[in-house]
Amino acid sequence: KEGDWLFSNLVAYAEFPPIIPPIMSQSTDKRKEAGGFMHSSDENKDIVHPILRPDLNDGDLKTYKSIAAFLSIDPSLKNRMDYMQFMNYNQICHLELLPMSYI
C-alpha cells in the first residue's frame, strides 16, 4: 500500500548492473551462505550480467585494473572496504516519475 503512489507515477526505472562479478574478490573472509535474499523458486532470469568480465576477458581485466588503480583500490579486493566500494556503486538507479502539477 505504501508504494502505490510510486508505482502509479513511475515512468521508467532501471538499475545499473554490477561493474564486475563477485568472483573477482580474493578475500579470505567467510562468505555468507547462498540464497541470502533470493527466493528459492526465483529462476533469476532478470539478473543483469556485470559490465566488465575481467575473469574472462583480458581487455576487461586491463580496464578493471586501470579503474582500481585510479581509485587506489587493490584489484584483488581482499579488503572488505575495497570490495564494498567496488561492488556497491550499483546501488544507483535511473528513476523517472510522471510530471507533477504545482497546485
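Structure shown above.
Since we're looking at a predicted model, the values are computed, not measured.

Calculation rules
- Residues numbered from 1 in each chain as written.
- Predicted model: local features only at pLDDT ≥ 70, side-chain atom pairs only at ≥ 80, totals over all residues.
- Heavy atoms only, no water.
- Helix = DSSP H or I, 4+ residues; strand = E, 2+ residues; numbered from the N terminus.
- Buried < 20%, exposed > 50% of the residue type's maximum accessible area, 1.4 Å probe, protein only.
- Contact = heavy atoms within 4.5 Å.
- Patch = residues over 30% accessible without salt bridge, like charges linked within 9 Å, V, L, I, M, F, W, Y side chains within 5 Å.
- Areas by Shrake-Rupley, 256 points an atom, 1.4 Å probe, with all protein chains shown as cover.
- Salt bridge = Lys/Arg side-chain N within 4 Å of Asp/Glu carboxyl O.
- Phe/Tyr/Trp six-rings, centres within 6.5 Å; stacked < 30°, edge-to-face > 60°.
- Arc of directions from axis to C-beta.
- Polar contact = N/O pair within 3.5 Å; in protein donor to acceptor, adjacent residues only side chain to side chain.
- Core = buried A, V, L, I, M, F, W, Y, C linked by side-chain atoms within 4.5 Å.

## Brief notes about the side chain of N9
The residue N9 is located in helix α1 (residues 4-9) in this model. The class of N9 is buried, set by a relative accessible area of 17%.

## Overview of the environment of N9
In the structure, N9 is positioned 87 residues away from E96 in sequence and 8.7 Å away in space, judged by C-alpha atoms. Sequence-distant contacts of N9, that is, excluding residues within four places in its chain, are made with E96, L97 and L98.

## Considering a nonpolar patch on the surface
Together, W5, L6, Y13, L95, L97 and M100 line one region of the surface with nonpolar side chains, adding up to about 600 Å² of accessible area. Note that L97 resides in strand β2 (residues 93-97).

## Topic: the packing of aromatic side chains
Under the definition given, this model contains one aromatic pair. Here the aromatic rings of Y64 and F86 are separated by 5.1 Å at their centres, their planes lie at 75°, and the arrangement is edge-to-face. Within this pair, whereas Y64 is found in helix α2 (residues 58-70), its partner F86 is found in helix α3 (residues 80-87), the two being separated by 22 residues in sequence. For the pair Y64 and F86, one class covers both residues: buried.

## Considerations on α3
Buried residues of α3: D82, F86 and M87, and no others. On an axial view of α3, the arc spanned by its buried residues comes to 115°, and they lie on one face. Exposed side chains of α3 directed beyond 90 degrees from the buried face belong to R80, M81 and Q85. Where α3 is buried, its residues contact α2. The residue sitting at the N-terminus of α3 and contributing the capping side-chain oxygen is N79; that oxygen lies 2.6 Å from the backbone nitrogen of M81.

## Quick look at the side chain of D82
Residue position: D82 is located in helix α3. Excluding residues that lie within four positions of it along the chain, D82 makes contacts with I73, D74 and L77.

## Here we look at the nonpolar core
With ten residues, the main nonpolar core is built from I19, I20, M24, L52, Y64, A68, I73, L77, F86 and M87. Every element with two or more residues in this core is listed here: α2 and α3. Sequence-distant contacts of Y64, defined by excluding residues within four places in its chain, comprise I20, M24, L52, P54, P75, L77 and F86.

Honestly, that's just the spatial picture; any functional story needs more than this.
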